[in-house]
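# Coordinate inspection notes
If you want the building blocks of each chain, they are given just below.
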Amino acid sequence: MGDIFIYNTLTQSKERFVTREQNKVYMYVCGITPYDALHVGHARTFTVFDVMRRYLEYRGYEVFHVQNITDIDDKIINRASELNISPGELVQRQIAEAEEDLCALGLLKPHVEPRVTEHIPEIIEMVSTLIEKGYAYQVDGDIYFDVSKFQRYGQLSKQDLSSLIAGARVEVDERLKNPLDFALWKAAKPGEPCWDSPWGKGRPGWHIECSAMSLKYLGSGFDIHGGALDLVFPHHENEIAQSEAYTGQSPFVRYWVHSGLVTVGGKKMAKSLGNFIRLRDALNEHGKDALRLAFLSVHYRSPMDYTDERIRQAKAALERISAFLATANSLMRHPAIGETKDELLAKLVSERERFVLSFHEAMEDDFNTAQAIGELFEFVKAANTLLVELLASPSNAAREEVARCVASLSEALRILGIDVQPAAAGFGEVERLIELLIDVRQRLRQKRDYELADMIRERMKELGIILEDTPAGTRWRRAT
RNA sequence: GGCGACGUAGCCAAGUGGCUAAGGCGGCGGACUGCAAAUCCGCUAUUCCCGGGUUCGAAUCCCGGCGUCGCCUCCA
């Protein structure tokens, strides 16, 4: 397999992926602020980075994945007071809910999920150093980062200081040296959660936690820092400034990776616009696999408009894979009764090899999952054609090759984090009853009592069991 | 105003200098079937928002429009 290329926001180009340490990837993904339910936008971002991690692991890298939880911030304080509960209570509740949702989405759990409130000493140490080095200054009980001291400010968002200032839409705080200076530490207001610091009681500003925690767990110059596109400015820009100012080392991060936003009717899905779909609702309605396939069918850096139609299309596509696996299974279970033409077998082998190759070519090229999924379906189609012929006289050689096809397909699906139920899975009581009904119906069909046979098929379909009559017998699967 | 994207079939979407413009969904016609379903075959973009230019050659590069979005404020 070839080299992996990743698009780096900092250089605006695809770069060959070279890690800091051989065979190890240190990855930080900006996580959640637990003040409200997760929505589909969060889900897309985390799915994108989940697949990057899965692919890198597949390629033999040991990935160390850190994802923060910002458990103290303005939004949490405000929401808690609206709900008349303590910030701690809100955080606890929201984290529990988010963990359920993220697990249901099939995301691999990060190795460390550091919380801001458990890293106050690290943050204070960092802020103190920034003051000592002259990058930060105190105004009343607040500490601000002086962006004019950091020459590279704006390098990530491709803005220079003057145009950023010109575009500033927020009323300028007259106490600041520069309108873009941002808070590293905020003095406590009455009733707010706070910690002791050299500057009095207070709490961390928004951006500092990610710098403090990523440096703690991953060290300066780690490999991948990810998040959605809307974090480029100011969050990640500020992280670079404060981290590089603090360590005196550059780069803070080797590859900045940003995923595109989810839109609704063309407009960004956001809490503030009120146009968000809760992840929990989407998961309940469509299941994780249709959601993941829908996300991954669009290149990760492109915007994705969320519609029910799109998810429906993904579901239908999933059924295609499911049907293929069902056909493959029935062939593998079929007793070998003949010889397979070498030519036929060779064709299947070459289709499989072509698929594996092209799937990885797509993934290597900046994780082009949309392309990779296209290759997957192309393979399914080609293999289906050959399976029809193979079914005519199943041989041992054919069954072994089909098993390899299924294995290759499953491997690709595992990288995408998509589970597809083959067909009649399970051997419980329900499955036995289904088999019994199929048997009864088969006898009715032999007696040409099609009316009753069709009724059974129709009623089972209403129960979510789909029957398909094939030359090799009746096959069933659950509707997805 | 500054910066960054995007515009490919009925819908979704990959492709960013050169073989027939992937793939999925949908539709139509056919094979198979008792009928269905699934599967397969054929058709469904002579052309990639529009207008110029560069080139032997452009969906792909350049210039100019039009349209949409994001960031510059909290945001995954």
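The coordinates are above.
Here the residue numbering is sequential within each chain, running from 1 through the sequence in written order. In the order they appear in the text, chains get letters beginning with A and ligands get numbers beginning with 1. At least 70 in pLDDT is required for a residue's local features to be given in this predicted model, at least 80 for side-chain atom pairs to be given and counted, and no such filter applies to totals for whole chains, interfaces and linings, which use all residues. Hydrogens are left out, water is left out, and the side-chain values use all remaining heavy atoms of the structure.

Backbone hydrogen bonds are what pair the strands of a sheet, in a parallel or an antiparallel way. Only strands that DSSP links by at least two bridges are regarded as paired with each other. Helix and strand assignments follow DSSP, with helices taken as H or I runs no shorter than four residues and strands as E runs no shorter than two, numbered in order from the N terminus. The four strands are arranged β4-β3-β9-β10 in an open sheet whose pairing can be described as parallel. Edge positions in the sheet fall to β4 (62-69) and β10 (253-259), since each of these pairs with one other strand and no more. Adjacent strand axes in the sheet meet at a mean angle of 20 degrees, parallel and antiparallel pairs treated alike. Pairing analysis gives six bridges linking strand β9 (residues 222-228) to β10, with the strands arranged parallel. From the neighbouring strand, histidine 225 faces β10, where its bridge partner is tryptophan 256. Of the strands in this sheet, β3 (24-32), β4, β9 and β10 touch helix α1 (residues 40-58), which is tilted by about 170 degrees from β3. Whether two residues are in contact is decided by their heavy atoms, any of which lying within 4.5 Å being enough. Axis definition: a line fitted to C-alpha atoms, limited for helices to the stretch in contact. Angles are taken between N-to-C directions and run from 0 to 180 degrees. Sheet strands in contact with helix α6 (residues 208-218) are β3, β4 and β9, and its direction is about 155 degrees off that of β3.

With respect to the helices and strands, the residue serine 358 is situated in helix α11 (residues 342-364). Here a polar contact is recorded for every N or O atom pair within 3.5 Å, except that within protein the pair must consist of a potential hydrogen donor and a potential acceptor, and residues adjacent in sequence are included only if both atoms are side-chain atoms. Within polar-contact distance, the side chain of serine 358 engages the backbone oxygen of phenylalanine 355 at 3.2 Å.

The three strands are arranged β12-β11-β13 in an open sheet whose pairing can be described as mixed. A strand with exactly one partner marks an edge of an open sheet, and here the two such strands are β12 (267-268) and β13 (304-305). As defined by bridge partners, strand β11 (residues 262-264) adjoins β12 across two bridges and the pair is classed as antiparallel. Residue pairing for β12: valine 264 is matched across the bridge by lysine 267.

The cutoff for a nearby residue is simple: one of its non-hydrogen atoms must lie within 4 Å of the molecule or strand. Around RNA strand B, 59 residues are found, and the nearest of them are Trp206, Lys267, Lys268, Arg312 and Gln371. At 3.3 Å from a sugar or linking oxygen of RNA strand B is found a main-chain nitrogen or oxygen belonging to serine 157. A distance of 2.6 Å separates a base nitrogen of RNA strand B from a polar side-chain atom of glutamine 159. Here the surface near RNA strand B gets nine residues from one element, more than from any other, and that element is helix α12 (residues 369-392). For the surface near RNA strand B, the per-class residue count stands at 19 nonpolar, 21 polar and 19 charged. When residues are grouped by polarity, Ala, Val, Leu, Ile, Met, Phe, Trp, Tyr, Cys and Pro land in nonpolar, Asp, Glu, Lys and Arg in charged, and all others, Gly among them, in polar.

One ladder, built from six bridges, connects strand β14 (residues 465-470) with strand β15 (residues 473-478); its direction is antiparallel. Within β15, the position partnered with glutamate 468 by the bridge is arginine 475. Between β14 and β15, which pair antiparallel in sequence order, lie two residues.

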